[in-house]
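# Coordinate inspection notes
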Amino acid sequence: MGASYGKLMMWFFLLSDAFTFSGLLITYGLVRSSHKAYSGAVSDFTFSTLYWPVPEKVFDSVPFLHGIELPLVFVGIMTFVLIMSSVTMVLAVEAGHRMDKKAVEKWMLWTLLGGITFLSCQAWEWTHFIVGSDTPTKVKYFLDGVWVTKDVFGANLHVNQYGPQDFADFFFFITGFHGFHVFSGVLLNFLIYYNTVTGVYNRRGHYEMVEKVGLYWHFVDLVWVFVFTFFYLV
Amino acid sequence: MAHHSHEPEVVVLPPDKEKIALLWKTAGILLVITIFEFIIAFTIPHEYHNLRVAIFVGMTIVKAGYIVLEFMHLRYEVKVLFWSVLIPMVFVVWMLVAFVYEGIKMSDINFLGK
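In this text, all values refer to a predicted model and were calculated from it rather than measured experimentally.

Right, let's talk about the overall build of chain A for a bit. Of the regular secondary structure elements, chain A holds seven helices and two strands. Along chain A, helices (α) and strands (β) appear in the sequence α-α-α-α-β-β-α-α-α when read from the amino end. Expressed along its principal axes, the backbone C-alpha trace of chain A runs to roughly 70 × 40 × 35 Å. Looking at the 234 residues of chain A, the share that counts as buried comes to 40%. Counting contacts in chain A only where the partners sit at least 6 residues apart, residues at least 24 apart contribute 64% of the total.

Listed below in C-alpha cells is the structure:
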C-alpha cells in the first residue's frame, strides 16, 4: 500500500477504538434524549432526579476556589493541557524525522508532563464529582415497599445528586474510559522516552515508534474534543 | 568506554522551520476555536438550544479535522491509507442516525401525554 505496516496497523486499531468511543457517546445521546430536559431558566436551575442536568451547572468548580461558581473553567484548562501536549508530541515526531535525539527527549518530557497533568486534573474532578456539593439533593427512593426521601451528596454508580442515575453512570464510563486511554498513553510515551534516551532508535536508524505512539496520543486528544463537546458543552 | 564505538554515526538534520511554524499555527487555531466555543457557551442563551448545538458540533468537526489531517498527518499519507481510514467512518454516521432516531421515538413514548 505504500504505507508502513506499523503505522497502518496503528491506524486500524484507532479506527476500531473510534467505533468504541462512538458507541459510548451515541448511547449517551440516546439515553439523554429519552430523559426529560430541564425547561426553566438556567439561573433558577437546581439539581433534581426528574430531569437531565445542565452540564455547566454540574461542572462549575475549580480547585482552591471553593464556593465560587466558575462554570466549565476547569474543564477548559484540561482541554488546553491536552491540546498543548498534542503539540509537543507532534514536535517530538518532527524531531524524530531529523534524527535529533536531544529534541525528541525534550518534547517527549513535555508530552509526559501534559499527560500527567491531565490525569491529575481528572483525579480532582472525579473526587469532586463523587464527594458532591455543599448542599444535598433530596432524592426519593422506593425502599422495602415504601417511598423514602434521602439527602444525597455527590454521585456514584448507585446514587446521584446531580440528576438521573444514568447521568452519573455515563460520566464515570465515558470520562473513565478516556482517562484510561490517557493513562495507557502516558505509559507508552514513557516507553518511547526511555528508548530514545538509551539510543534504541538511533541504533535502529529511524524514529518511527515515536510517530506510531504519537498517532495514539493524538487520538486521545481527538476523543477528548468530542467528550468535551457532547458531555460538557451541549 | 569502549561501547561508544558501537553507537552508529547519526546525522542530525536542522529543524524544518516551515513545518514547525505550521504545527504551532494549527495549535493556535485549535485554541482559538475552543475559546470561541466558551464565548458561545456563555453569550448565546440556552433558549436557542438548537443553534448552540449546531455551532458546537460544527466547531468540533473543524477541530477533529485539524487534529486528524495535520497532527496525525493523514493529509500527507498515501491515498489508500487516507480512504481506508475515512470510509469506515460511514458506519459511525449510520450508528448516529439510527440511534438518534431511536432516541427521539423513545422520548415520544416516554413523555406521551405529559
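Residue and element names in this part refer to chain A. Grouped together as the largest cluster of nonpolar side chains are 66 residues, with contacts concentrated most on Ala 92, Val 227 and Phe 228. The element contributing the most residues to this core is helix H7 (residues 208-233), with 17 residues. For Phe 228, the residues in contact, after removing those within four places along its chain, are Val 75, Thr 79 and Leu 233.

Counting residues at the interface gives 47 residues for chain B, matched by 42 residues for chain A. Sorting the residues of the side of chain B that touches chain A by element identifies helix H1 (17-43), helix H2 (49-71), helix H3 (79-86) and helix H4 (89-110) of chain B as the ones contributing at least two each. In terms of residue count, H4 of chain B provides more of the side of chain B that touches chain A than any other element does, 11 residues in total. Looking at side-chain class alone, the side of chain B that touches chain A contains 34 nonpolar, six polar and seven charged residues.

Right, let's talk about helix H1 (residues 5-33) of chain A for a bit. Residues spaced three or four apart along an α-helix face the same direction, because each turn holds 3.6 residues. With 29 residues, H1 of chain A extends 42 Å from end C-alpha to end C-alpha; this agrees with the ideal 42 Å at 1.5 Å per step. Turning to H1 of chain A, its buried residues number three or more, namely Trp 11, Leu 14, Leu 25, Ile 26, Tyr 28 and Arg 32 of chain A. Along its buried surface, H1 of chain A packs onto helix H5 (165-197) and H7 of chain A together with H3 and H4 of chain B.

Take the domain arrangement of chain B next. Partitioning chain B into structural domains gives domain 1 (17-76) and domain 2 (78-114). Taking only C-alpha atoms into account, the centre of domain 1 of chain B sits 22 Å from that of domain 2 of chain B.

It is worth spelling out the packing of H1 of chain A against H7 of chain A at this point. All names here are of chain A. Two numbers describe how H1 lies on H7: the axes approach to 10 Å, and their chain directions differ by 15°. Considering the angle they form, H1 stands roughly parallel to H7. For the crossing formed where H1 meets H7, the hand is right-handed. Across from Gly 6, Lys 7, Met 10, Trp 11, Leu 14, Asp 17, Phe 21, Leu 25, Tyr 28 and Gly 29 in H1, the residues of H7 making contact are Glu 208, Glu 211, Lys 212, Leu 215, Tyr 216, Phe 219, Val 223, Phe 226 and Phe 230. A class-by-class count of the residues in the contact of H1 with H7 yields 12 nonpolar, two polar and five charged.

Turning our attention to the environment of Leu 30 of chain A. Within the fold, Leu 30 of chain A resides in helix H1. The contacts of Leu 30 of chain A, once residues within four sequence positions are left out, are Phe 99, Glu 102 and Gly 103 of chain B.

Turning our attention to the pairing of strand S2 (residues 146-152) of chain A. Residues and elements named next belong to chain A. Of all seven residues that make up S2, zero are buried, and the element is exposed over most of its length. Examined bridge by bridge, strand S1 (residues 137-143) and S2 share seven bridges and lie antiparallel to one another. From the neighbouring strand, Leu 143 faces S2, where its bridge partner is Val 146.

Conventions used here
- Residues numbered from 1 in each chain as written.
- Chains lettered and ligands numbered in written order.
- Predicted model: local features only at pLDDT ≥ 70, side-chain atom pairs only at ≥ 80, totals over all residues.
- Helix = DSSP H or I, 4+ residues; strand = E, 2+ residues; numbered from the N terminus.
- Buried ≥ 20, exposed ≤ 12 C-beta atoms within 10 Å, placed from the backbone.
- Contact = placed C-beta atoms within 7 Å.
- Core = buried A, V, L, I, M, F, W, Y, C linked by C-beta atoms within 7 Å.
- Nonpolar A, V, L, I, M, F, W, Y, C, P; charged D, E, K, R; others polar.
- Expected span 1.5 Å × (residues − 1).
- Domains from an automatic or database assignment.
- Axes fitted to C-alpha atoms, helices over the stretch in contact; angles between N-to-C directions.
- Parallel < 35°, antiparallel > 145°, perpendicular 65-115°, else oblique.
- Left-handed = near helix turned anticlockwise from the far one by under 90°.
- Pairing = 2+ DSSP bridges.

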